[in-house]
Amino acid sequence: MWITETDAPPSEQGAPPAMPAGNVFKRCGCRHPDTGKPYGNDCPKLRRPNRAWSSEHGSWAYQLELPPTADGRRRLLRRAGLPTRRAAADELDLVRELLALAPKADTRRRTEIADLIQSAVRAKRPLPDVERIRQRLRGDGILADMPTVADYLTTWLAHIDVDANTLRGYESIVRVHLTPHLGEVPLDKLRTSHIRSMFVAIEHRNADIIAAKASPDPAVRRTVAGVRPTGPNTRQRIRACLRKAINDALADELIVGTNPAALVKVPGEPARPIIWEDERVQQWKATGKVPGPVMVWTDEHVTEFLDYAAIHAPDLFPMWHYMAYRGPRRGEACGLRDSEVRLHRHETTINNQIATHGYTPVQKAPKSQAGNRDVALDTDTVTILTTYKALRAQWRLAAGDAWPTTGLFFVRQDGHAWHPNAVTQRFRRLVRKAGLPPIRLHDLRHSAATLALDAGVDIKVVSEQLGHSTTTLTRDTYQSVSKQLHREAADAVANKIKKRRPKAA
C-alpha cells in the first residue's frame, strides 16, 4: 500500500513537505462509512485517546523524499504494510544508507540509486544490497539489477551483428549448453568456478553417453541414439561464444572487471593432426581403427589420390589438386571467382567463399580479414588449371544458352556452382574406392600445410598461404606433424655433441 508520510500523518500536516530524513508512522485500510473513501491516516482507530499509536490497528509505514528524477521532478518514497515499527525503521535506515553511498555532489549516481530504490519498492522486491551497490560505484559500473546469463544471452543474440551461419552456431551453443548450465546466474556474479563446473558437467554427460552406447542392453543404447559426446572442438566453441558475449557486455559497460571465460582453460585440447605413417596404415588395414579424428596424408598418399581422381573424377580433380597443393578451405575453393584466377601470373586471389547455412549455400567474404589473400601457384598447378579452363570451355559450348553465369572458376559440368557438401561426399567416396586411409576433405588443407613445412617453407609464409591471422595458430596446429624440421633439429644436436667428443686414439 502506498502512503504519504511526514513527521505526523498528512491529515494533521497538510501537504507533505520535503523531508530527506523521513519518519515512521501507521496507516490502515479502513473506509469512511458515508463516502466509502479510505480513511488513510484519519482512521480513529489508529490512535489511542492520548494520541499514541494503537498497537491493535493498522500497519507501520514510512516516507522519505528521494533525490529528484533525472528531469528534475521531486519524488517521495512511500511505503506501508510493514508489520512492526522496527521493520519500518530498519527499512528506512537502509534507504538512507543506500542514498549515502554517493556524495551529494554526484547527482547522477544519487539519481540512479533513488531509481533503484523506487523500482524495488514499487515491485515489492527487497531493497538493493548496500555492499553490491558500493562495489559497483567503486568500479563505476551500472547500478541497475543485473540480468541473468540466460536473459542477457537472449538479448545479445537478438542484437549481435554476425552472419547467419555464425548466429545459428551461437544460438545452438546458448540453447544446448550455456543456458542449462549458467542461465540462472546473475551476469555480474558469473565466475570462473561456474564455467569450470559447466565443463565438468559436460564431461560427466560425455561419459554417460559413451557408457550408454557401449551398453549390452538395447534399451539403454536407444536412449542415446543419435546423441554424440561434446568433443574438444565444440567445447572450445562454447568457451569462445561465452567469451564473446561477455566481452560485448564489458564493452557496453553493462558489467565491469575481467572476463571469466577468458580465464578458464577448456578441458581437452583440440585434436592435433596425425600423419598416416606406414605403421599406422598397416594397423588401420588390420583393425579398421583410425588413430585420431584429424589425419594427414603423406605426400605419396596425396599423389596417389590425385592420380586416381584425375581418371575417375576429372570434373573435381582440379579443385582437389588446388586444395592439396595450396591449402584453401573448402568454401574458398568452391567460391573462387573466375576473375581472381590469373594463371599467366601464377596466382589466385581468395576474397569469396561458399558457406552452408544449414544446407543452403551462401556466398560471402572469407571468415577473417586474413582470409582475403593472394595465393601463389606452382607450375604444375597452373598447368592443371589451364587444362581445366579448356575443359570448362567445352562444357560451356555444349550447354549453349543454358550455361549460367556464376562468375565462379570451379563449376559443375552444367555450369552451376558446386555445393560444398556435394564436393565432400564425392571426396569420401573416391577415397574409399582408391583404398586410401581415410581423411576428411578439410584434411587436404592440413596436408598442404604439413608438406610446405616439411619442404622448409617459412612458417610465416605458410600462415599467410592458409589465411591464418597469426603464425601462432599455424605453429600450434601443424608444427607437431612437420617431421623434417624435427629431424633437422635432432641431427643438429647430434652433430654438435659429436664435435665435442674426444677423437679415438
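Here the structure is a predicted model, which means the values were calculated and not measured.

Peer 1: For this particular structure, what's the right way to read the sheet that holds strand β7 (residues 347-350)?
Peer 2: By way of backbone hydrogen bonds, the strands of a sheet pair with one another, either parallel or antiparallel. Read from one edge to the other, the open sheet built from 3 strands follows the order β6-β7-β10, with strand pairing classed as antiparallel. Unpaired on one side and paired on the other, β6 (341-342) and β10 (373-376) mark the two borders of the sheet. Where β7 and β10 come together, 4 bridges link them in antiparallel fashion. Pairing of Thr-348 across the sheet is with Val-375, part of β10.

Peer 1: I keep staring at the nonpolar core and nothing clicks. Help me out?
Peer 2: Among soluble globular proteins, nonpolar side chains are generally buried collectively. Counting 46 residues, the largest nonpolar core has Trp-297, Phe-305, Met-319, Trp-320, Phe-410, Phe-427 and Leu-444 as the members making the most contacts within it. Mapped onto this core, the elements with two or more residues apiece are α10 (278-287), α11 (299-312), α12 (317-326), α13 (330-334), α14 (379-399) and α15 (420-434). If one sorts the elements of this core by residue count, α12 sits on top with 6 residues. Leu-77, Leu-82, Leu-101 and Ala-114 belong to the second-largest nonpolar core, a separate cluster that totals 30 residues.

Peer 1: Help me out: how do you make sense of a negative patch on the surface in this one?
Peer 2: A cluster of like negative charges, contributed by Asp-278, Glu-279, Asp-299 and Glu-300, occupies part of the molecular surface. Among the secondary structure elements, those contributing two or more residues to the negative patch are α10 and α11. Along the polypeptide, Asp-299 turns up in helix α11. For Asp-299, a relative accessible area of 40% gives the class partly exposed.

Peer 1: It is not clear to me how the sheet that holds strand β2 (residues 59-66) should be interpreted in this structure. Could you clarify?
Peer 2: Judged by pairing direction, the sheet is antiparallel, and its 3 strands sit side by side in the order β1-β2-β3 without closing on themselves. With partners counted over all chains shown, the strands left at the sheet margins are β1 (23-27) and β3 (75-82), one partner each. Strand-to-strand twist across the sheet, computed as the mean angle between neighbouring axes with direction ignored, equals 30 degrees. The sheet contact formed by β2 and β3 spans 6 bridges and is antiparallel. Paired with Tyr-62 across the two strands is Arg-79, which belongs to β3.

Peer 1: Would you mind going over helix α6 (residues 164-182) with me for this structure?
Peer 2: Note on helix geometry: an α-helix contains 3.6 residues per turn, so any two residues three or four positions apart are oriented the same way. At Val-174, α6 shows its largest kink, close to 45 degrees. Of the surrounding elements, those touching the buried residues of α6 are α5 (149-159), α7 (192-213) and α9 (232-251). With a side-chain oxygen positioned 3.0 Å from the backbone nitrogen of Asn-165, the residue opening α6 is Asp-163.

Peer 1: Can you help me understand the confidence of the model for the chain in this one?
Peer 2: The predicted coordinates should not be examined in detail at positions where pLDDT is low. Mean pLDDT over the chain stands at 85; residues scoring 70 or higher make up 88%. Per-residue pLDDT stays below 50 along residues 1-19; that stretch engages in 58 contacts with residues further than four places along the chain or on separate chains.

Peer 1: Any chance you could explain the pairing of strand β8 (residues 353-357) here in plain terms?
Peer 2: Consecutive residues of a regular strand have side chains that alternate between opposite faces of the sheet. The element β8 is extensively covered by neighbouring structure, given that 5 of its 5 residues are classed as buried. Two elements, β8 and strand β9 (residues 360-364), share 5 bridges in a ladder whose sense is antiparallel. Residue pairing in the sheet places Thr-356 in a bridge with Pro-361 of β9. Linking β8 back to β9 in an antiparallel pair, the connection comprises 2 residues, with Gly-358 at a positive phi of about 75 degrees.

Peer 1: In this structure, what is going on with the packing of aromatic side chains? I would like to understand it.
Peer 2: Remark: the centre distance and the inter-plane angle together describe each pair of aromatic rings, the angle taken between the planes. Enumeration according to the criterion identifies 14 aromatic pairs in this entry. An angle of 70 degrees between the planes, with centres 6.4 Å apart, marks the rings of Trp-53 and Trp-60 as edge-to-face. We classify Trp-53 as buried; its relative accessible area is 17%. Cluster of aromatic residues (ring-pair linked, three or more members): Tyr-322, Tyr-388, Trp-395, Phe-409 and Phe-410. Here the guanidinium or amino end of Arg-47 rests over the ring plane of Trp-53, the centre of that ring lying 3.6 Å away.

Peer 1: Where do I start with the pairing of β2 in this structure?
Peer 2: With 7 of 8 residues buried, β2 lies mostly within the body of the structure. Here β1 pairs with β2 via 5 bridges, running antiparallel. In the sheet register, Val-24 faces β2, and the bridge partner there is Tyr-62.

Peer 1: Just checking my understanding: could you explain α7 for this structure?
Peer 2: For α7, which comprises 22 residues, the first-to-last C-alpha distance of 32 Å matches the rise-based estimate of 32 Å (1.5 Å per residue) to within 8%. Inspection of α7 places Ile-195, Met-198, Phe-199, Ile-202, Asn-206, Ile-209 and Ala-212 among the buried residues, and these make up the whole buried set. Taken down its axis, α7 places every buried residue within 140 degrees of arc, on the same side. Turned more than 90 degrees off the buried face of α7, the exposed positions are His-204 and Ala-211. The secondary structure elements touched by the buried residues of α7 are α6, α8 (218-222) and α9.

The rules we used
Residues numbered from 1 in each chain as written. Predicted model: local features only at pLDDT ≥ 70, side-chain atom pairs only at ≥ 80, totals over all residues. Heavy atoms only, no water. Pairing = 2+ DSSP bridges. Helix = DSSP H or I, 4+ residues; strand = E, 2+ residues; numbered from the N terminus. Core = buried A, V, L, I, M, F, W, Y, C linked by side-chain atoms within 4.5 Å. Buried < 20%, exposed > 50% of the residue type's maximum accessible area, 1.4 Å probe, protein only. Patch = residues over 30% accessible without salt bridge, like charges linked within 9 Å, V, L, I, M, F, W, Y side chains within 5 Å. Areas by Shrake-Rupley, 256 points an atom, 1.4 Å probe, with all protein chains shown as cover. Salt bridge = Lys/Arg side-chain N within 4 Å of Asp/Glu carboxyl O. Lys, Arg positive; Asp, Glu negative; His and termini not counted. Charge placed at Lys NZ, Arg CZ, Asp CG, Glu CD. Axes fitted to C-alpha atoms, helices over the stretch in contact; angles between N-to-C directions. Bend = angle between axes of the 7 residues up to and from the residue. Contact = heavy atoms within 4.5 Å. Polar contact = N/O pair within 3.5 Å; in protein donor to acceptor, adjacent residues only side chain to side chain. pLDDT = per-residue confidence, 0-100. Phe/Tyr/Trp six-rings, centres within 6.5 Å; stacked < 30°, edge-to-face > 60°. Lys NZ or Arg CZ within 6 Å of the ring centre and 35° of its normal. Expected span 1.5 Å × (residues − 1). Arc of directions from axis to C-beta.

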